[in-house]
Amino acid sequence: MSTNLPHEIGSLDSMSRRESVLTLVLLTLATLGIGLLFALDPRWGYDEAWHLYLSTVSPWTKALEEGLVDAHPPLHHLLLMPMAQFGPDPFWFRLPSILAAVATVPLWYLLLRRLRVVPEMALLGVVLLITSFAFLELAVSVRSYSFGLLFLVIGLLAATTLVPRTASGAIGPGSTPNPQPLTTALGLAIAFAFIYSALFVTLGLILGLALMWAVRAGRRFARPLAWLRTWRFRDWTAFVVLVIGALSVLLWFALGYGRGRGAVAPMHLESFTLCEGDSIFQFAWCGLVGNAGWLTPQFSATDLGQAVAVALFWAAAALVLAVGLWRRQSARVLMVLATVIATALVFAAGVAGAYPFGGLMRHQSMLLPLYLVIIVLMLDLVWSRLHSRRLQQVFSLAVVAFALFGLFRAHATDPVGEAHTGGMRPEIAAAFACDSGQQAVYIEGRAFYPLYAAAYAKGIAFRTTLTERDGVPVEVPYGTGWFNGLIHPRDWDVFTMKDDCGSERILIRDRRRWVLPEGPETRLESQLEALKTALGVGSVQLIRLPPEPEEGAPETDGSSADEPHTARCPIRR
């Protein structure tokens, strides 16, 4: 990619290139240090244990079966497979995400400079990124979002070269980097292969570029064959890469979606359920409001605080768009258009029930670079109006203080990193206990992945031992779609494992029920009797986790302390 960055005219004692590079290197190293520090935590987060399971379980057909109905494409799981060779410590599995976040930092700086942000403000933009709770939360977890953000930034950086140019051939005042359609296509396609929701950003960029070129071309835009003849080999190559990449991921999603159809909702949907009494419109609104609150935790977690954050953000976006149009800064205009269109698509899909995001803010991570670009561009406009070095210094300190305040406030109420599974240790210990006297263990769905992580740390392997043909009862077909002819998941998974004394033990995982009933239940009792008969065991040890706190009770982990219990929209998850 071209790094021939524009030279700003009229800035007061602008930083030298050497000072900018040195500061950027220090900020990048700081990101690496922060990431490694958090990665040393020996505890597995819940979703981290889920990713560990999908990247290490055998046989590979079992990983395929469950990966199809995962909420993310499989590319990240494939990347994690080699990390198992370094040992069972979660540090090794977090390391790829940290390195992806570190690589994002200099590319983020290049993107801001490509948008003609002055060096000082571009470095402040880097500070805003690496002190963002959302960025750090995703950077230090065993999840795919850090990679998705990396390739989204690559795609955004390259997409700035595709905007219409002025009559002289320039994008605007400053440098004229060569168009990079193939880099754009590769970045966006790979981002989509890490997080499904990157498709919204891709569509936002495509529609934004189409709108800008349509305005530029006028009536000629209505004659597609005429401008298609102007495409070169690299343009067609980029088009093919983007189409094939997107269709491949969409096919995987469609197979997984169809795989989950039937008696049970697809996993893509069942994790994002409406609260009783909420409308789908409120559901979608919560997702978008929560994004602003997640990105800017400086604002209160009340409905008013979130509304103020959203109002200020979109007012800033409108101003950046107006100034960009006035100054013919095409790349900045594209960023705002892509932000507006991507957000509108997410909102429309949420209202239609086609994209059930509802409250898990990490699934909105694809909007983070676009939203943060808008904030930095707004701050750059303010910076350009400060004609005193002293005012610029005060402004810079205020921006840094505001960023650090948000990180401190977010970390104090919801620590960076995923909610850990420490509260499940007594139940996990019971599954491995030597003196239980039970040959088989039956666990509810939510206890399985922490149990798997604990077994993995002990070097205990889970082996899938039975199929439907072995007589394990299947009460409800998992799905009725045509794809069910390939793989047949059932109500229960049956594994063999070893306890702490090395004795074989059968592990039965309930795939139907996330939480088992607290008291006796006829249906559960009949299932256990059927399983005992099928497996040839005399009794089954039932392990369930303690009930979660009731609504209104004090919460001790995973939620914001300053969020009132009446708040309709969660802020950080």
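Calculation criteria
Residues numbered from 1 in each chain as written. Predicted model: local features only at pLDDT ≥ 70, side-chain atom pairs only at ≥ 80, totals over all residues. Heavy atoms only, no water. pLDDT = per-residue confidence, 0-100. Helix = DSSP H or I, 4+ residues; strand = E, 2+ residues; numbered from the N terminus. Contact = heavy atoms within 4.5 Å. Buried < 20%, exposed > 50% of the residue type's maximum accessible area, 1.4 Å probe, protein only. Expected span 1.5 Å × (residues − 1). Phe/Tyr/Trp six-rings, centres within 6.5 Å; stacked < 30°, edge-to-face > 60°.

### Considerations on the confidence of the model for the protein
On average, residues of the protein carry a pLDDT of 77, and 72% of them reach 70 or more. Looking at the elements of the protein, mean pLDDT is at its lowest for helix 13 (residues 267-270), recorded as 39, and at its highest for helix 5 (residues 90-114), recorded as 95. Between residues 1-10, whose pLDDT stays under 50, and residues either more than four places distant or in other chains, the model counts 22 contacts. Here residues 467-489 is modelled with pLDDT under 50, and outside its nearest four sequence neighbours on either side it reaches 59 contacts, counting other chains as well.

### Here we look at unusual backbone geometry
For R116, which is not a glycine, the phi torsion comes out positive at approximately 65°. As for its placement among the helices and strands, R116 is situated in the loop between helix 5 and helix 6 (119-130). Taking the relative accessible area as the measure of exposure, R116 reaches 22% and is therefore partly exposed. Non-glycine residue R328 carries a positive phi angle of around 55°. Checked against the element boundaries, R328 lands in the loop between helix 15 (303-327) and helix 16 (330-352).

### Some remarks on helix 1 (residues 17-39)
For helix 1, which comprises 23 residues, the first-to-last C-alpha distance of 33 Å matches the rise-based estimate of 33 Å (1.5 Å per residue) to within 8%. Every buried residue of helix 1 is listed here: S20, L24, L27, T28, T31, G35 and A39.

### With respect to the packing of aromatic side chains
The full count for this structure, using the stated rule, is 24 aromatic pairs. Taking the centre distance of 4.6 Å and the plane angle of 75° together, the rings of W50 and Y449 count as edge-to-face. In this pair, W50 is assigned in helix 2 (residues 46-56) and Y449 in helix 20 (residues 448-458), connecting sequence segments 399 residues apart. The exposure class assigned to Y449 is buried, which follows from its relative accessible area of 5%. Members of the aromatic cluster, connected to one another through ring pairs, are W44, Y46, W50, Y53, F93, F448, Y449, Y452, Y456 and F495.

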